[in-house]
Each structure stands twice: as structure tokens, then as C-alpha cells.
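Residue strings, one per chain:
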Amino acid sequence: MQGIYTISLLFFANIMMTFAWYGHLKLAEYSWFQKWPLIAVIVFSWSIAFFEYCLQVPANRIGFEGNGGPFNLMQLKVTQEVITLVVFMLFSVIAFHLQIRWNHIVAGLLLILAVYFVFGFK
């Protein structure tokens with residue numbers, strides 16, 4: 001169950017992180033948000049990032065083998081990066097109507113290969 005909790009927390013943390021890092025670019029389409037000074041946008045993003053950390057830190061603690069979890073440090077990091085890129089790709093398609101191209105698919109396959117190498121050998 002710790003692995004499921006870890007991956008779930010990482011997934012939701014990465015949704016928040018993606019919105020904190022890139023959501024302001026989408027919100028800039030609204031006139032009320034365009035009037036915000038940069039410092040307000042930074043504080044807005046930090047306020048979202050705080051809640052992201054409230055999920056990310058427990059995910060790493062629960063999932064780390066040194067705390068009784070199923071993942072070593074490298075596995076945690078690679079899992080987090082794969083989740084980050086999947087969430088980012090979905091965000092890009094939904095919010096910015098990004099077109100998925102062949103190179104994005106190849107990159108995804110290489111990520112799967114990275115997961116295989118990190119988890120497949122001890």
C-alpha cells in the first residue's frame with residue numbers, strides 16, 4: 001500500500017506543481033490576472049507550491065525504503081520525474097492545446113525505458 005500512497009501523492013503533488021509553475025501562463029489570458037505585478041504572481045505560485053510540498057514531502061517519506069517504503073532513492077526520483085512529465089504533457093494538451101508529435105511519443109517511450117532500467121536491475 002505504501003507504493004500506491006506514494007505514487008498517488010506524487011501524482012497530486014505534480015498537478016499542483018505544474019499549475020504553480022505554468023498555470024500563471026494560462027491565467028495571463030484573463031485581463032484581471034494581467035494586471036497583477038510579478039511579485040503577486042510569484043506569491044500566488046508559491047502559495048500553490050506550499051500545498052504541493054505538503055504532498056511531495058510525505059510521498060517521499062512514505063515511499064523511501066529507509067523509512068520502510070518500497071522505493072530506493074533513485075526509484076523515487078525517476079518515478080517522480082515520469083509523473084511530472086506525464087502531468088505536464090496532459091496539462092499542455094488540455095490548457096494550451098499542445099499537439100503531441102512523434103518526438104513526444106519517443107520521449108515517453110524513453111521514459112518507460114528509464115523506469116525499466118531503474119526498477120529492473122538490483
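Below is a summary of the structure that appears in this document. By convention here, each chain's residues receive numbers from 1 onward along its written sequence. Per-residue local features are limited, in this predicted model, to residues with pLDDT of at least 70; the limit for side-chain atom pairs, both in listing and counting, is 80 or more; totals at the level of whole chains, interfaces and linings are taken over all residues. Computation of side-chain values covers all heavy atoms of the structure but excludes hydrogens and water.

## Let's talk about the overall build of the protein chain
Here is the rule we go by: By definition, any uninterrupted DSSP run of H or I lasting at least four residues is a helix, any uninterrupted run of E lasting at least two residues is a strand, and each is numbered from the N terminus. Only protein chains enter the area calculation, which uses a 1.4 Å probe; residues under 20% of their type maximum are buried, those over 50% are exposed, and those in between are partly exposed. Residue contacts are defined here by distance: any two heavy atoms, one from each residue, within 4.5 Å place the two residues in contact. Residue burial considers only the protein chains on display, and all accessible areas are found by Shrake-Rupley using a 1.4 Å probe. Positive residues here are Lys and Arg, negative ones are Asp and Glu, while His and the chain termini are left out of the count. Working definition for charges: the position is that of NZ of Lys, CZ of Arg, CG of Asp or CD of Glu.
Scanning the protein chain from N- to C-terminus turns up five helices and zero strands. Written out in order from the N terminus, the α and β elements of the protein chain read α-α-α-α-α. By the burial criterion, 28% of the 122 residues in the protein chain qualify as buried. Excluding contacts between residues fewer than 6 apart, the proportion of contacts in the protein chain whose partners are at least 24 apart in sequence is 71%. Here the protein chain has roughly 8,300 Å² of accessible surface; of this, 75% comes from carbon and sulfur atoms. The average position of the 6 basic charges and that of the 4 acidic charges among the side chains of the protein chain differ by 5 Å.

## Some thoughts on the packing of helix α4 (residues 73–96) against helix α5 (residues 102–120)
Helix-helix packing: each pair is described by the crossing angle between the helix axes and the interaxial distance. Quick note on the threshold: In this analysis, axes come from line fits to C-alpha atoms, helices being fitted only over the stretch in contact, and the angle between any two N-to-C directions falls in the range 0 to 180 degrees. Small angles under 35 degrees read as roughly parallel and large ones over 145 as roughly antiparallel, with 65 to 115 read as roughly perpendicular and the rest as oblique. Take the far helix as the reference: if the near one is turned anticlockwise from it by less than a right angle, the crossing is left-handed, and if turned clockwise, right-handed. Amino acids outside the nonpolar list (Ala, Val, Leu, Ile, Met, Phe, Trp, Tyr, Cys, Pro) and the charged list (Asp, Glu, Lys, Arg) are all regarded as polar, and Gly is one of them.
Orientation of α4 relative to α5, taken along the N-to-C sense of each, is 160°, at an axis distance of 10 Å. Relative to α5, the element α4 is oriented roughly antiparallel. Considering the relative orientation of α4 and α5, their crossing is left-handed. Contact residues: Met74, Gln75, Val78, Thr79, Val82, Leu85 and Met89 in α4; His104, Leu111, Ala114, Val115, Val118 and Phe119 in α5. Of the residues belonging to the contact of α4 with α5, the class tally is ten nonpolar, three polar and no charged.

## Regarding a nonpolar patch on the surface
Convention followed: Candidates for patches are residues over 30% relative accessible area with no salt bridge; among them, like charges are joined within 9 Å and nonpolar side chains (Val, Leu, Ile, Met, Phe, Trp, Tyr) within 5 Å. Every case where a carboxyl oxygen of Asp or Glu lies within 4 Å of a side-chain nitrogen of Lys or Arg is listed as a salt bridge.
A surface patch of nonpolar side chains, amounting to about 880 Å² of accessible area, comprises Val86, Met89, Leu90, Val93, Ile94, Leu98, Ile100, Ile105, Leu109 and Ile112. Elements with a contribution of two residues or more to the nonpolar patch: α4 and α5. A total of five residues in the nonpolar patch trace back to one element, the largest contributor, which is α4. By the secondary structure assignment, Leu90 is in helix α4. Exposure remark for Leu90: the relative accessible area of 46% places this residue in the partly exposed category.

## Quick word on the side chain of Asn14
Its location among the elements puts Asn14 in helix α1 (residues 2–27). The class of Asn14 is buried, set by a relative accessible area of 0%. In contact with Asn14, not counting residues within four places along its chain, are Gln56, Gln80, Ile83, Thr84 and Val87.

## Topic: the packing of aromatic side chains
Put simply, the rule is: Side-chain rings of Phe, Tyr and Trp (the six-membered ring for Trp) are treated as a pair once their centres are within 6.5 Å; stacked means planes under 30 degrees apart, edge-to-face means over 60, and tilted covers the remaining angles. Each ring is checked for a lysine NZ or an arginine CZ that lies within 6 Å of its centre and within 35 degrees of its normal; such an atom marks a charge sitting over the ring.
Per the stated rule, a full pass over the model turns up 14 aromatic pairs. Here Tyr30 and Trp32 contribute two aromatic rings whose centre-to-centre distance is 6.3 Å and whose plane-to-plane angle is 25°, an arrangement assigned as stacked. Directly above the ring of Phe96 sits Lys26, whose terminal nitrogen or CZ lies 5.7 Å from the centroid.

## A look at α4
So the rule is basically this: Between the first and last residue of a helix there are one fewer steps than residues, each counted as 1.5 Å, and that sum is the expected span. Here a polar contact is recorded for every N or O atom pair within 3.5 Å, except that within protein the pair must consist of a potential hydrogen donor and a potential acceptor, and residues adjacent in sequence are included only if both atoms are side-chain atoms.
Compared with the 34 Å implied by 1.5 Å per residue over 24 residues, the 33 Å span of α4 between its first and last C-alpha is a close match. Here α4 has its buried residues at Gln75, Leu76, Val78, Thr79, Gln80, Val82, Ile83, Thr84, Val87, Phe91, Ser92 and Ala95. Looking at the buried positions of α4, the neighbouring elements they touch are α1, α3 (38–63) and α5. Where α4 begins, the side chain of Asn72 points an oxygen toward the backbone nitrogen of Met74, at a separation of 3.0 Å. Note on α4: the residue one or two positions beyond its end, His97, has a positive phi of about 55°.

Honestly, it's all geometry; don't read function into it.
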